[in-house]
Amino acid sequence: MSARTPRNAPQTIDETLELLAEADYVADRSLATVLFLSLKMKRPLFLEGEAGVGKTEIAKVLASALGRRLIRLQCYEGLDVSSAVYEWNYAAQMIEIRMEEAAGVDDREAMERNVFSERHLIRRPVMEALTGEAGAAPVFLIDELDRTDEAFEAFLLEILSDYQVSVPELGTIRAAEPPIVIITTNRTREIHDALKRRCLYHWVDYPDAERELEIVRRRVPEANQRLSREVVSYIQKLREIDLFKVPGVAESIDWASALTELDKIALDPETVSDTLGVLLKYQDDIARLQEGEGARILEEVKAELSTAD
């Protein structure tokens, strides 16, 4: 993100709601409350929920709204310290050694200090998150923690306890001010209680129809209002049936955008069938809707909205 003057954290729950709304994030009061408390108590916020419900977006919005750097650690299986915390630039270190040898330097301690100096240190997300200035600590997003293994989870537990890392060649690097930590998980595995105890917790659920409609209208303001209502109603009904992967809010926004690009002002059976690839990501789910269930849902949506009008 571009450099901005850091902004103080909100002082009330209402201010937190306003902060999120300014960035077009439509949150309910329970989320605003736990986010406010996380900022006030300087505790990590642990967000759990299905993929596509807006967990990652919370960190992005918070960084933008507060004028802080967003540092993202994208978790994956096999993530280790060298990828997450730091590593040495071995190529640069070898060049340094050869240059000093060519210059006739024979002070081994001085050579070691030069080789293991900070200019040869490659800072990864964890270390970057600990180097923020007081009053301008970054937002540190640890995304999809459940993709890592338990060994890395244990290492992270130590980081979140003291907000410091030890580099044997340089010593301990401590945060001048703890970063604002947002941890997300899609719950593909359980996270250990020891880590959860250090965090405030919130389950991010799918929004109700009213809130989802507000989200779509904010994110796709050019969409026809009737179309937005039909999109949200259709997706709300999809979440009630047994699909391999139900669409999240991200898919609602994408579908409304795609239909608007096609100059649609309302849903029709052919358009729904042709654009299911925007909404669903598994062929079995798409086939199920194309075989008749999609048309049935559309009829229900049209009937309900007609009655409401």
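Structure shown above.
Residues numbered from 1 in each chain as written. Predicted model: local features only at pLDDT ≥ 70, side-chain atom pairs only at ≥ 80, totals over all residues. Heavy atoms only, no water.

### Section: the overall build of the chain
Okay, step 1: Scanning the chain from N- to C-terminus turns up 15 helices and nine strands.
Okay, step 2: By the compact-globule yardstick of 19 Å for 309 residues, the chain is too spread out, its C-alpha radius of gyration being 24 Å.
Okay, step 3: By principal-axis analysis of the C-alpha atoms, the chain measures approximately 85 × 45 × 35 Å.
Okay, step 4: Of all 309 residues assigned to the chain, the portion counted as buried reaches 46%.
Okay, step 5: Summarising the internal contacts of the chain: among those between residues at least 6 apart in sequence, 75% fall at separations of at least 24. (Helix = DSSP H or I, 4+ residues; strand = E, 2+ residues; numbered from the N terminus. Rg over C-alpha atoms; globule rule 2.2 N^0.38 Å. Buried < 20%, exposed > 50% of the residue type's maximum accessible area, 1.4 Å probe, protein only. Contact = heavy atoms within 4.5 Å.)

### A short note on a negative patch on the surface
Okay, step 1: A contiguous patch of negative charge on the surface is contributed by Asp106, Asp107, Glu109, Glu112 and Glu169.
Okay, step 2: With respect to the helices, strands and loops of the structure, glutamate 109 is situated in helix α6 (residues 108–115).
Okay, step 3: Note on glutamate 109: relative accessible area 57%, which makes it exposed. (Patch = residues over 30% accessible without salt bridge, like charges linked within 9 Å, V, L, I, M, F, W, Y side chains within 5 Å. Areas by Shrake-Rupley, 256 points an atom, 1.4 Å probe, with all protein chains shown as cover. Salt bridge = Lys/Arg side-chain N within 4 Å of Asp/Glu carboxyl O. Lys, Arg positive; Asp, Glu negative; His and termini not counted. Charge placed at Lys NZ, Arg CZ, Asp CG, Glu CD.)

### Digging into the environment of glycine 52
Okay, step 1: With respect to the helices and strands, glycine 52 occurs in the loop between β1 (45–48) and α3 (55–66).
Okay, step 2: Linking glycine 52 and valine 34, residues 18 residues apart in sequence, is a C-alpha distance of 20 Å.
Okay, step 3: The contact partners of glycine 52, leaving out residues within four places of it in the chain, are Gly248, Val249 and Ala250.

### Some thoughts on the sheet that holds β1
Okay, step 1: What the five strands build is an open sheet, ordered β2-β5-β8-β1-β9; its pairing is parallel. Looking at the sheet topology across the chains shown, the edges are occupied by β2 (70–74) and β9 (200–203). On average, each strand axis in the sheet is inclined to that of its neighbour by 20 degrees, with strand direction left out of account.
Okay, step 2: Here strand β5 (residues 139–143) runs beside strand β8 (residues 180–185); their pairing, made up of four bridges, is parallel. Note on β8: the bridge partner recorded for valine 139 is isoleucine 180.
Okay, step 3: Lying over the sheet, helix α2 (residues 29–41) contacts β1, β8 and β9, oriented at roughly 160 degrees with respect to β9. (Pairing = 2+ DSSP bridges. Axes fitted to C-alpha atoms, helices over the stretch in contact; angles between N-to-C directions.)

### Examining the packing of aromatic side chains
The relation between two aromatic rings is expressed through the spacing of the ring centres and the mutual angle of the planes.
Okay, step 1: Per the stated rule, a full pass over the model turns up five aromatic pairs.
Okay, step 2: For the pair tryptophan 88 and phenylalanine 116, a centre-to-centre distance of 5.1 Å together with 85 degrees between the ring planes defines the contact as edge-to-face. Of this pair, tryptophan 88 sits in strand β3 (residues 86–88) while phenylalanine 116 sits in the loop between α6 and β4 (121–123), and the two are 28 residues apart along the sequence.
Okay, step 3: Since its relative accessible area comes to 6%, tryptophan 88 is described here as buried.
Okay, step 4: The class of phenylalanine 116 is partly exposed, set by a relative accessible area of 25%.
Okay, step 5: Taking 5.5 Å as the distance between ring centres and 55 degrees as the angle between the ring planes, the aromatic pair formed by tyrosine 234 and tryptophan 255 counts as tilted. (Phe/Tyr/Trp six-rings, centres within 6.5 Å; stacked < 30°, edge-to-face > 60°.)

### Remarks on the nonpolar core
Okay, step 1: Core analysis: the biggest nonpolar cluster contains 31 residues, and Leu73, Ile142 and Ile183 have the highest contact counts within it.
Okay, step 2: Elements that contribute at least two residues to this core include exactly β2, β3, α7 (125–129), β5, α8 (150–162), β6 (164–167) and β8.
Okay, step 3: Looking at this core, the element that brings in the most residues is α8, giving four residues.
Okay, step 4: Those residues within four positions of leucine 73 in sequence are excluded, and the remaining contacts are Leu79, Ala84, Pro125, Val126, Phe140, Leu141, Ile142, Asp143 and Phe152.
Okay, step 5: If you look at the next biggest cluster of nonpolar residues, it comprises 24 residues, including Val34, Leu35, Val61 and Ile182. (Core = buried A, V, L, I, M, F, W, Y, C linked by side-chain atoms within 4.5 Å.)

### Digging into unusual backbone geometry
Okay, step 1: For glutamate 144, which is not a glycine, the phi torsion comes out positive at approximately 60 degrees.
Okay, step 2: The backbone of tyrosine 163 sits at a positive phi, close to 50 degrees, despite the residue not being glycine.

### Observations concerning the packing of helix α11 (residues 225–238) against helix α12 (residues 249–261)
For any two helices packed against each other, the geometry comes down to the angle between their axes and how far apart the axes lie.
Okay, step 1: Between α11 and α12, whose axes approach to 10 Å, the crossing angle comes to 140 degrees. In terms of orientation, α11 and α12 fall into the oblique class. Of the two elements, α11 crosses α12, and the hand of that crossing is right-handed. Only Ser252, Trp255, Ala256, Leu259 and Thr260 of α12 make contact with α11, whose side of the interface consists of Leu227, Val231, Tyr234 and Ile235.
Okay, step 2: Split by residue class, the contact of α11 with α12 holds seven nonpolar, two polar and no charged. (Parallel < 35°, antiparallel > 145°, perpendicular 65-115°, else oblique. Left-handed = near helix turned anticlockwise from the far one by under 90°. Nonpolar A, V, L, I, M, F, W, Y, C, P; charged D, E, K, R; others polar.)

### Here we look at the state of the cysteines
Such a bond, covalent and formed between the sulfur atoms of two cysteines, is termed a disulfide.
Okay, step 1: Counted according to the given criterion, the structure contains zero disulfides.
Okay, step 2: With no disulfide of its own, cysteine 75 lies 13 Å from the sulfur of cysteine 199, the closest cysteine sulfur.
Okay, step 3: By relative accessible area, which is 2% here, cysteine 75 ends up buried. (Disulfide = S-S within 2.5 Å.)

All we've got here are geometric facts, nothing functional implied.
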